[in-house]
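A closer look at the structure
These are the residues of each chain, in order.
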Amino acid sequence: MKSLFRIFLLFFPFSLFAQTAGEFPSLEPLFSFKDGELSSEDFIRSGLDFSLCPAESDEGKAVFSQYKALEAQVKSDSFMAYSEEERGEKILSLMYERVLRQYSLNQTYINIMFQKGTYNCVSSSVLYAALAKAAGLKVHAVETPDHAFCTLYLSDGRKIDVETTNPNGFNPGTKKNVQNNGRSSRYQIVPKKYYMNRHEISERKFISLIGKNVTAFYDEKKNYGMALPVASARISFTEKENIPEEEMKAVRVDFDTVAMNFAVSLDRQKKSDLALDWLDLVENRWGKALNQPFYQNSYESIAYNCAANLTNEKRAEKAAELFERRKEKISTKNRTVIEEMIFYALIDEKTKEVTADEALSLIQESRKSPEGKSSKIARKLENLEEYYWAEKAKPFSKEEKFLEAAKILEDGLKSLPNNRNLQTIRNQNLNNYAVQVHNNFADLFNAKRLDEAEKVLNEGLKILPKNGTLQRDLQILRSRK
């Protein structure tokens, strides 16, 4: 058994159905199964359901017929006459005689196991557990991070592991005589190398491992239209049994991971608002996701991207609406980041709809608010205010009313002291004014209209007494008088 998202199936015996473009995948279970204790036949029926081969289908009926023949054999009087340990070992031998031919790491489907004889630890262990139950044996399923097998409980208190992926896997670690031609014998020991971090699991969790592998395959293919109904079926199937809380948590985490993967796929298409709508649907159908780091981090990333996408599209009001609905699901740190992004975007959009004076008033008021006092937003608001002071002065500069433009920029510097850009633009306008005065002076001076030239120059020097160009003009004028 492989962990979720590491599974790559070798066989693909059925059609691949993706969800219709523009629609969300179904969150309803692919199939439903009865409540209560499972019979040996139920192991195979539910295993077929998770294998996407319903027992009611023609293929499923054929497989179930094969299984029933095996079950009849282990229920026979002659077979039941064996001791519990003998029955346990003979069931494994029977599986290899009648069904199992070749181990394949990722072949988890019950129907393929019967049709082609290929199997992995999950499919072969489910078959063993079903036949053992039919033979009156007590078997517990065992899971490790990368493997699944069975443990046979004997009436005398002994427990025997059964490694179903090996024909000699009954009681692994013991030496078996696998060949005796009368002249020589060959022995084999199946090592206990995959049994670290083992824990027993419930029957339903055990059978649902087939669905886990199937879900992982479709998830890898990004076919969420198939992956999610199977993952939903695992929740529905396992919650019908009073299984340990940690098992239900593991099944739900597997589901949440696939559901989030679909949301991430939408997010990467810049459909982050749809991704959040999807996650709301998931919560409405199956309750809140378990707070594992992957899910929470992904949710917050999508929420941030949603706000960024909408604000970039100049839809800050929509971003604010979506954020307000979901802000309680976001950590305080990221909530602040998103709030600041939307706050600034709202100001930016509103200022574009009004006059420069109205924009400046709105910005200055915003700078006084708690949100506007954060260092990041304060810098952005200052840059925005700087822009509108420059915009307010621009028409006067174009009309060569340089003093009026400089006066506006001086007012801007009262609000934004030491703003270098405003200082530069103001100085440019003052320099342009000085050039304007010089040109007027030169025209009058050259026309020998010295009194008028002196008046123009003195007016300019009142405004710019230290301007070098105007001071030189004054010296020239004095030398002629």
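An account of the accompanying structure is given in this report.

Calculation rules
- Residues numbered from 1 in each chain as written.
- Predicted model: local features only at pLDDT ≥ 70, side-chain atom pairs only at ≥ 80, totals over all residues.
- Heavy atoms only, no water.
- Helix = DSSP H or I, 4+ residues; strand = E, 2+ residues; numbered from the N terminus.
- Buried < 20%, exposed > 50% of the residue type's maximum accessible area, 1.4 Å probe, protein only.
- Contact = heavy atoms within 4.5 Å.
- Areas by Shrake-Rupley, 256 points an atom, 1.4 Å probe, with all protein chains shown as cover.
- Lys, Arg positive; Asp, Glu negative; His and termini not counted.
- Charge placed at Lys NZ, Arg CZ, Asp CG, Glu CD.
- Pairing = 2+ DSSP bridges.
- Core = buried A, V, L, I, M, F, W, Y, C linked by side-chain atoms within 4.5 Å.
- Axes fitted to C-alpha atoms, helices over the stretch in contact; angles between N-to-C directions.
- Parallel < 35°, antiparallel > 145°, perpendicular 65-115°, else oblique.
- Left-handed = near helix turned anticlockwise from the far one by under 90°.
- Nonpolar A, V, L, I, M, F, W, Y, C, P; charged D, E, K, R; others polar.
- Salt bridge = Lys/Arg side-chain N within 4 Å of Asp/Glu carboxyl O.

1. Topic: the overall build of the chain
- Within the chain, the regular secondary structure consists of 19 helices and eight strands.
- The C-alpha extent of the chain, read off along each of the three principal axes, is 140 × 50 × 40 Å.
- The buried share of the chain, taken over its 481 residues, is 49%.
- Residue pairs at least 24 apart in sequence account for 64% of intrachain contacts in the chain once pairs closer than 6 positions are excluded.
- Of the roughly 24300 Å² that the chain leaves accessible, carbon and sulfur atoms contribute 48%.
- Treating the 71 positive side-chain charges of the chain as one cloud and the 68 negative ones as another, the clouds have centres 5 Å apart.

2. Notes on the environment of Val-126
- When you line up the elements, Val-126 lands in helix α6 (residues 121-134).
- Distance from Val-126 to Ser-208, taken between C-alpha atoms, is 9.9 Å for residues 82 residues apart in sequence.
- Not counting residues up to four positions away in its chain, the partners in contact with Val-126 are Phe-43, Ile-110, Phe-206, Ile-207 and Ile-210.

3. What to know about unusual backbone geometry
- With a phi angle near 60°, Lys-222 is a residue other than glycine that sits in the positive phi range.
- Following the sequence through the fold, Lys-222 ends up in the loop between α7 (203-220) and α8 (224-238).
- A relative accessible area of 52% means that Lys-222 is categorised as exposed.

4. Some thoughts on the pairing of strand β3 (residues 138-144)
- For β3, the buried fraction is high: five of the seven residues fall into the buried class.
- Sheet topology places β3 next to strand β4 (residues 147-153); seven bridges connect them, and they run antiparallel. Its bridge partner being in β4, Ala-141 is matched across the sheet by Cys-150.
- The antiparallel pairing of β3 with β4 creates a hairpin that spans two residues between the two strands.
- Where β3 meets strand β8 (residues 199-201), three bridges bridge the pair, whose relative direction is antiparallel. Paired with Ala-141 across the bridge in β8 is Ile-201.

5. Observations regarding the pairing of strand β5 (residues 159-162)
- Relative to β5, β4 runs antiparallel, the two being bridged by four bridges. Looking across to β5, one finds that Tyr-153 is bridged to Lys-159.
- Once β4 ends, the chain turns through five residues before running back antiparallel as β5, passing Gly-157 with a positive phi of about 95°.

6. Quick notes on the nonpolar core
- Counting 101 residues, the largest nonpolar core has Ile-91, Tyr-128 and Trp-278 as the members making the most contacts within it.
- Ranked by residues supplied to this core, first place goes to α6 with 10 residues.
- Those residues in contact with Trp-278 that sit more than four places away from it in its chain are Phe-24, Pro-25, Leu-27, Leu-228, Ala-259, Phe-262, Ala-263 and Leu-266.
- Ranked by size, the runner-up nonpolar core spans 18 residues in total, among them Ile-347, Ile-377, Leu-384 and Trp-389.

7. So, the environment of Glu-247
- Its place among the elements puts Glu-247 in helix α9 (residues 245-268).
- The buried category is assigned to Glu-247, whose relative accessible area is 6%.
- As for Glu-247 and Ile-201, which are separated by 46 residues in sequence, their C-alpha atoms are 7.5 Å apart.
- Contacts of Glu-247, omitting those with residues within four sequence positions, involve Glu-200, Ile-201, Ser-202 and Lys-205.

8. Quick notes on the packing of helix α12 (residues 316-326) against helix α13 (residues 332-351)
- Here α12 crosses α13 at 150°, and the two axes come no closer than 9 Å. Taken together, the axis directions place α12 and α13 in an arrangement best described as roughly antiparallel. As α12 runs across α13, the sense of the crossing is left-handed. For the pair α12 and α13, the contacting residues are Ala-316, Glu-317, Ala-319, Ala-320 and Phe-323 in the first and Arg-335, Ile-338, Glu-339, Ile-342, Ala-345, Leu-346, Glu-349 and Lys-350 in the second.
- Of the residues belonging to the contact of α12 with α13, the class tally is eight nonpolar, no polar and five charged.

9. Concerning the pattern of salt bridges
- Scanning the model with the defined rule gives 32 salt bridges in all.
- A salt bridge links Lys-34 to Asp-42; the nearest nitrogen and oxygen atoms lie 2.9 Å apart.
- Between Glu-399 and Lys-401 there is a salt bridge, and its shortest N-O distance comes to 3.2 Å.
- Here Lys-401 falls in the partly exposed class, since its relative accessible area comes to 36%.
- Several salt bridges share partner residues, and in doing so they unite Lys-34, Glu-41, Asp-42, Arg-45, Lys-68, Glu-71 and Lys-75 into one network.

10. Topic: the sheet that holds β8
- One open sheet accounts for four strands, arranged β5-β4-β3-β8; its pairing is antiparallel. Among the strands making up the open sheet, the edge pair consists of β5 and β8. For this sheet, the mean inter-axis angle between neighbouring strands, taken without regard to orientation, is 40°.

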